[in-house]
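Fold and contact review
Okay, here's what each chain looks like letter by letter:
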Amino acid sequence: MIGAQEEITPEARATARNMSAAVLLKIAQYPFLVLSVLLVPRSLGPQAYGEYALVLSIIVMAASATELGLGEICGRFVQTFEINGDQRSLKRFASGLLATKLALDALLFGPLLFLIWSIYGDRFPLFYYGLIVAILIVTDLGVVPYGLMFGMNRLNLYALRHPLRRVLTLVLVLNLYHYFGIYGALASAFFVEAILTALNLAWGWRFLSLKDLRLDFKFLKPYLQFGFVFYVSNGVMIIWQKVGNPIVAHFTMDSSEVALFDIPNQIFLITTSFFLVTIGYLVPIFVRLLATGKEEKLVAWSNLLLKYIFALSTIMVGGFLIAGHEFIPVLIGRQYSAIYPNALVLLMGTFPMIVVQLGHVFCIIYKKARNYLFALACALLTFVTAASVLVPHLASMGASLAMLLSTGVAAVALGVIFWRQVKPCLQEGLQVTLIGVVFIPFWFLRRNLIIDLLLAIAAGILYLLILLITRKLRIEEMSQVIKAIRLRPNEQV
């Protein structure tokens, strides 16, 4: 454990500052997320929203086919260029990766479109297929500069994408749907990606070179080899997260059931990404710590952060347990009341996903990408199998249960592989989670929305007090992180 008196290193200070800015930007998206959940499903209605969600899930899965594992490649190797001051190789690296992505697009877009057409055929109008191609192309033009932001530890710029995407999506979906119906809602996705790509290129253009925009496989080979397994892994991850919509649509033939799964699934994915953002952002500094022989600090920071993430996740799930049933109908309408049990089941998956995300970070820094792919493949196989059995009988709830089961499978797989690093994190994390049973008695006192919200707040305060009294959470740990954020580089602890 990181003691209160232990020196806070320059790496920790820089990381804490970057992470604090990134977390604030992550938080900034939530008002717009709430507005999106409030307005978009209500404006489109269950049928149109289900169609909108189905098409977007297909686009996201198709995009994963050309992703190349750029986040992991940049996170692992850009720091090396930075440390060595090798800007020439950095330009060659970035330009070569962009050329490789564009070549992969040209190679795969035809087969991808044929696969989508063979599944959906006349169910989708021609406009949908053209939109899929346009979105994939404009997105891929900006992903290399976006990956460089992460690799250079520019987490403030990297995280800015999240709130900006929420704002743009909310404004464009509502306005274009009003004038052009479902076609306008779907076209908004293209305009959002075009704006984000333009901003990424405006920042990252100086790292690209036209003369290096070529397929230099001899130079790129070690980077692409490292990223290949993560590329496949990310594709499996995206399919795991998004294939539920097509499965529900296939077995129920009801777009409203797709909506009843997609909305809580989106809440689950966005919520877990918020709670786990600090873990993923640790990759560049963890690489530096490992390279400089400070692995014990790596494990200590993992333990500290995960304990607080477990506690925050417990508050989130406990609060939703108490207030969610009355809150959802007020938020997005009575026609979506069935979302509550689906969302509660999915939010329980936050806890195993904490272990999955930590395992992902360890797979990057210890260069064990195949282990991550193995865990995700197990999760995907579990989800598809369970969903195929449960959805015909339980519809959207069947997909929610399948997702919860599959997150547990992935967590067990990665937890076993990195048991030495994960064990201390789990010991304290499980202790703060089990104290969350204090939320359960408040569930029996529910009456209406106002009372339920007050009960959720009271239960959360009681939970935090118990953690502080039992010293599961410690003031000195919190103050240490605050010091890391506030200290100037020339100050000493």
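What you see is a predicted model; the values in this text were computed from it and never measured. (Residues numbered from 1 in each chain as written. Predicted model: local features only at pLDDT ≥ 70, side-chain atom pairs only at ≥ 80, totals over all residues. Heavy atoms only, no water.)

What about the packing of helix H2 (residues 70-84) against helix H5 (residues 143-151)?
Put simply, H2 and H5 touch, their axes get as near as 8 Å, and they point 45° apart. The angle between the axes of H2 and H5 places the two elements in the oblique class. The chirality of how H2 crosses H5 is right-handed. Between H2 and H5, the contacting residues are Leu70, Gly71, Cys74, Gly75, Val78 and Gln79 on the first element and Val143, Val144, Gly147, Leu148, Phe150 and Gly151 on the second. Counted by class, the contact of H2 with H5 contains seven nonpolar, five polar and no charged residues. (Axes fitted to C-alpha atoms, helices over the stretch in contact; angles between N-to-C directions. Helix = DSSP H or I, 4+ residues; strand = E, 2+ residues; numbered from the N terminus. Parallel < 35°, antiparallel > 145°, perpendicular 65-115°, else oblique. Left-handed = near helix turned anticlockwise from the far one by under 90°. Contact = heavy atoms within 4.5 Å. Nonpolar A, V, L, I, M, F, W, Y, C, P; charged D, E, K, R; others polar.)

Brief notes about the pattern of salt bridges
In this structure the tally under the stated criterion is seven salt bridges. We note a salt bridge from Asp212 to Arg88, for which the minimum N-O separation is 2.8 Å. Highlighted residues: Asp212 in the loop between helix H6 (155-204) and helix H7 (217-242) and Arg88 in helix H3 (residues 87-120), separated in sequence by 124 residues. With relative accessibility at 42%, the residue Arg88 sits in the partly exposed group. The salt bridge partner of Arg214 is Asp216, with a shortest N-O separation of 3.7 Å. Residue Asp216 is classed as buried on the basis of its relative accessible area of 12%. Taken together, the shared-partner salt bridges connect Arg92, Arg214 and Asp216 into one network. (Salt bridge = Lys/Arg side-chain N within 4 Å of Asp/Glu carboxyl O. Buried < 20%, exposed > 50% of the residue type's maximum accessible area, 1.4 Å probe, protein only.)

Notes on the packing of aromatic side chains
A full pass over the atoms with the stated rule returns 25 aromatic pairs. Pairwise contacts between aromatic rings join Phe77, Phe81, Phe93, Phe219, Tyr223 and Phe226 into one cluster. Positioned above the aromatic ring of Tyr146, the side-chain terminus of Arg161 is 4.7 Å from the ring centre. Note that Arg206 overlies the ring of Trp203, its terminal NZ or CZ placed 5.1 Å from the centroid. (Phe/Tyr/Trp six-rings, centres within 6.5 Å; stacked < 30°, edge-to-face > 60°. Lys NZ or Arg CZ within 6 Å of the ring centre and 35° of its normal.)

A word on the environment of Leu68
Following the sequence through the fold, Leu68 ends up in the loop between helix H1 (10-63) and H2. In this structure Leu68 comes out as buried when scored by relative accessible area, which is 10%. Through-space distance from the C-alpha of Leu68 to that of Tyr231 is 4.6 Å; in sequence the pair is 163 residues apart. Contact partners of Leu68, with chain neighbours within four places excluded, come to Ile73, Leu97, Thr100, Lys101, Leu104, Gly227 and Tyr231.

Concerning the packing of helix H13 (residues 339-347) against helix H16 (residues 396-417)
Where H13 contacts H16, the two axes come as close as 8 Å, and the packing angle between them is 10°. When the axes of H13 and H16 are compared, the pair comes out roughly parallel. For the pair H13 and H16, contact is made by Pro341, Asn342, Val345 and Leu346 and by Ser396, Met397, Ser400, Leu401, Met403 and Leu404, respectively. Tallied by class, residues from the contact of H13 with H16 come to seven nonpolar, three polar and no charged.

Quick word on the nonpolar core
Counting residues in hydrophobic clusters, the biggest one holds 147 residues, and the most contacted among them are Tyr49, Phe93, Leu148 and Trp240. A per-element tally of this core places helix H12 (residues 295-332) first, with 17 residues. Discounting residues that sit within four places of it in the chain, Phe93 has contacts with Ile73, Cys74, Val78, Phe81, Leu148, Phe219, Leu220 and Tyr223. (Core = buried A, V, L, I, M, F, W, Y, C linked by side-chain atoms within 4.5 Å.)

Concerning H2
For H2, spanning 15 residues, the distance from its first C-alpha to its last is 21 Å, which sits close to the expected 21 Å at 1.5 Å a residue. At Phe77, H2 shows its largest bend, some 30°. Listing the buried residues of H2 in full gives Leu70, Glu72, Ile73, Cys74, Gly75, Arg76, Phe77, Val78, Gln79 and Phe81. Count one or two residues on from H2 and you reach Gly85, which has phi positive near 65°. (Expected span 1.5 Å × (residues − 1). Bend = angle between axes of the 7 residues up to and from the residue.)

Things to note about a nonpolar patch on the surface
On the surface, a cluster of nonpolar side chains totalling about 640 Å² of accessible area is made up of Ile450, Leu454, Ile457, Ile461, Leu465 and Ile469. Inspection of the secondary structure puts Leu454 in helix H19 (residues 449-469). Residue classification places Leu454 among the exposed positions, given a relative accessible area of 54%. (Patch = residues over 30% accessible without salt bridge, like charges linked within 9 Å, V, L, I, M, F, W, Y side chains within 5 Å. Areas by Shrake-Rupley, 256 points an atom, 1.4 Å probe, with all protein chains shown as cover.)

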